[in-house]
Structures are given as structure tokens and as C-alpha cells.
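Here's the letter readout for the chains.
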Amino acid sequence: IIIMRLISLRETSAALWIARFVVAGLTIDAVVTRIKTVMALRRKWQRNTTFPFLKSVQWRRELAKHSNRELFAFFSSSTGGVTKDPTLMGMPIDDHAIVRGHAVFDTVTLCGGRLYRLEVHLQRLLKSAEAARLRLPFGDEPEHNMHRMREAIESACIVADRVDADVRFWLSAGTGNLGITPAGCTPTFYVLVFGGLP
């Protein structure tokens, strides 16, 4: 009954905890006591915390206040697509570009609708990736990766709807863990079309 009531109140996480306690062999009285303790702590923390808990809508609203207006489009091989929403232009917190700085990047200029020396930049990126011992995101074949990366960059430029911009791209060990090695990580390619480079 308690579980069903919490689910109806949209307290599904509490309902899951109750189910775990019951499965662990705790009596209903012990479960209720634990829930009361947790809820009292939650109320105390909400009153005493310096920084508030933000729901996803609030989080995105706050990010939008600080986002650079010169961010035009972003591609991630994790999603396989391009977005124009600046609040979605980011790497996951467990991406090894953030966790360990295990990534390489390059920047190319989009001028008059043409990407200046893109092949040279992509070749340099692949050499840097090899030196950094990064796995490639689109299989093991370098030529195939260059082709797919070129497609991703061109797609981001088309979505950005600009003829003049800067295009930065990263190859990361990717997401998968917060450890010191990229074991189990999925290599990821990111592209950002933006303006305003000094």
C-alpha cells in the first residue's frame, strides 16, 4: 500500500527504496522509520544547502542565460545527429576529454561556404589521435573515419546555415567510466560550428 501510494505521488525513487528494504527482509515499521529519517534529512538539506537542486527545465533555463550566442550547431557521434540548441552543446561529464583530458582537437575555417584545407586538418587530427593512443569512432579504418568525420563536419555546417564560421572538432576517448584508463569507453567525435574566434 505504501509503495502504491508513493508511486501515485510520483515518488517512484522512494517506492523503489521501499521495495529494496522489503526484499532485504526489513519489517514495514523499519521501512517507515527509514523513510521518515530520509525525508527529514532531505528537508534539512533543502533548507541548509547553498546551491539549490535544479530540475532539468530550470537547469536548461540557467544554461541559456550564459550560453554564447555565437554557437551555431553541434554534432556528436554519440547521438549521431546535429543540434542547434546551445544548452545541448556539450560533452557528457564522464567523457574522457573531461575526465582525463584524453582527446585531440583541430579547427578549420568555413569561408564563403568552403571548408579551408579540411583534408589536411583531418589528417593531422588522425595523426594526433594515433600519438595519443585514441581509438577511432567509426571503426578501425582511418580512411573510413576521415570520410565519416568529413560528413559530420559538413552536416554540422549545413545545419548551422552559415557561409562563414569557425569549425572545431574533437576526437575523444569517449564516455564509459570516471577512471584513469579508457577501458570500456566508446570513442566519440564532436563538431562545433561557431563564430567569433579572435
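Residues numbered from 1 in each chain as written. Predicted model: local features only at pLDDT ≥ 70, side-chain atom pairs only at ≥ 80, totals over all residues. Heavy atoms only, no water.

Asker: So what exactly am I meant to see when it comes to helix α6 (residues 118-131) here?
Answerer: Three or four residues apart is the spacing at which side chains of an α-helix point the same way, because the helix has 3.6 residues per turn. Here α6 is 14 residues long and its end C-alpha atoms lie 20 Å apart, about the 20 Å a rise of 1.5 Å per residue gives. For α6, the set of buried residues is Leu-118, His-121, Leu-122, Leu-125, Leu-126 and Ala-129. For α6, the arc enclosing every buried residue in end-on projection is 135°, short of the 170-degree limit, so these residues lie on one face. Turned more than 90 degrees off the buried face of α6, the exposed positions are Lys-127, Glu-130 and Ala-131. Where α6 is buried, its residues touch β3 (103-111), β4 (114-115), α7 (142-160), β5 (165-175) and β6 (186-194). (Helix = DSSP H or I, 4+ residues; strand = E, 2+ residues; numbered from the N terminus. Expected span 1.5 Å × (residues − 1). Buried < 20%, exposed > 50% of the residue type's maximum accessible area, 1.4 Å probe, protein only. Arc of directions from axis to C-beta. Contact = heavy atoms within 4.5 Å.)

Asker: It is not clear to me how the pattern of salt bridges should be interpreted in this structure. Could you clarify?
Answerer: Any two side chains of opposite charge can pair if their charged atoms end up close together. Scanning the model with the defined rule gives five salt bridges in all. Arg-124 is the salt-bridge partner of Asp-106, the closest N and O atoms lying 2.9 Å from each other. Of this pair, Asp-106 sits in strand β3 while Arg-124 sits in helix α6; the two residues are 18 residues apart in sequence, bridging distant segments of the chain. The class for Arg-124 is partly exposed, based on a relative accessible area of 42%. (Salt bridge = Lys/Arg side-chain N within 4 Å of Asp/Glu carboxyl O.)

Asker: Just to check I follow, could you spell out the sheet that holds β4 for this structure?
Answerer: Pairing between the strands of a sheet comes from backbone hydrogen bonds, and it takes one of two forms, parallel or antiparallel. The sheet built from six strands is open, its strands ordered β2-β1-β6-β5-β3-β4 with antiparallel pairing. Across the chains shown, the open sheet's two edge strands, defined by having one partner strand only, are β2 (81-83) and β4. Looking at chain direction, strand β1 (residues 71-76) and β2 are connected through three bridges and run antiparallel. Bridge pairing links Ser-76 to Gly-81 in β2. In this fold α6 packs onto β3, β4, β5 and β6, with an angle of close to 175° to the strand it touches most, β3. With respect to the sheet, α7 is in contact with β1, β2, β3, β4, β5 and β6, its orientation differing from that of β6 by roughly 35°. (Pairing = 2+ DSSP bridges. Axes fitted to C-alpha atoms, helices over the stretch in contact; angles between N-to-C directions.)

Asker: Is there a simple way to explain the packing of aromatic side chains in this structure?
Answerer: Where two aromatic rings form a pair, the distance of their centres and the angle of their planes describe that pair. For the coordinates displayed, the defined rule picks out four aromatic pairs. Ring geometry for Phe-74 and Tyr-190: centres 5.8 Å apart, planes at 25°, overall stacked. With a gap of 116 residues between them, Phe-74 in strand β1 and Tyr-190 in strand β6 connect regions that are remote in the sequence. An aromatic cluster of at least three residues, connected via ring pairs, comprises Phe-75, Phe-138, Phe-169 and Phe-189. Lying over the aromatic face of Phe-138, Arg-148 brings its terminal NZ or CZ to 5.2 Å of the ring centre. Seen from the ring of Phe-72, Arg-162 lies directly overhead, with NZ or CZ sitting 3.8 Å from the centre. (Phe/Tyr/Trp six-rings, centres within 6.5 Å; stacked < 30°, edge-to-face > 60°. Lys NZ or Arg CZ within 6 Å of the ring centre and 35° of its normal.)

Asker: I would appreciate a short explanation of the nonpolar core in the present structure.
Answerer: In a soluble, globular protein the nonpolar side chains are often hidden away together inside. Ranked by size, the top nonpolar core spans 29 residues in total, and within it Ile-153, Val-167, Phe-169, Phe-189, Val-191 and Val-193 carry the most contacts. Sorting the residues of this core by element identifies β1, β3, α6, α7, β5 and β6 as the ones contributing at least two each. Here this core gets seven residues from one element, more than from any other, and that element is α7. With near-sequence residues (within four places) excluded, Phe-189 lies in contact with Phe-75, Ser-76, Ser-77, Leu-125, Pro-137, Phe-138, Met-149, Ala-152, Ile-153, Phe-169, Trp-170 and Leu-171. If you look at the next biggest cluster of nonpolar residues, it comprises six residues, including Phe-74, Met-89, Tyr-190 and Leu-192. (Core = buried A, V, L, I, M, F, W, Y, C linked by side-chain atoms within 4.5 Å.)

Asker: Would you take a moment to explain the side chain of Ser-76 for this structure?
Answerer: Positionally, Ser-76 belongs in strand β1. On the basis of relative accessibility, which here comes to 7%, the residue Ser-76 falls in the buried class. In this view, Ser-76 contacts Gly-81, Thr-188, Phe-189 and Tyr-190; residues no more than four positions away in its chain are not counted.

All quantities given are derived from atomic positions and should not be read as evidence of function.
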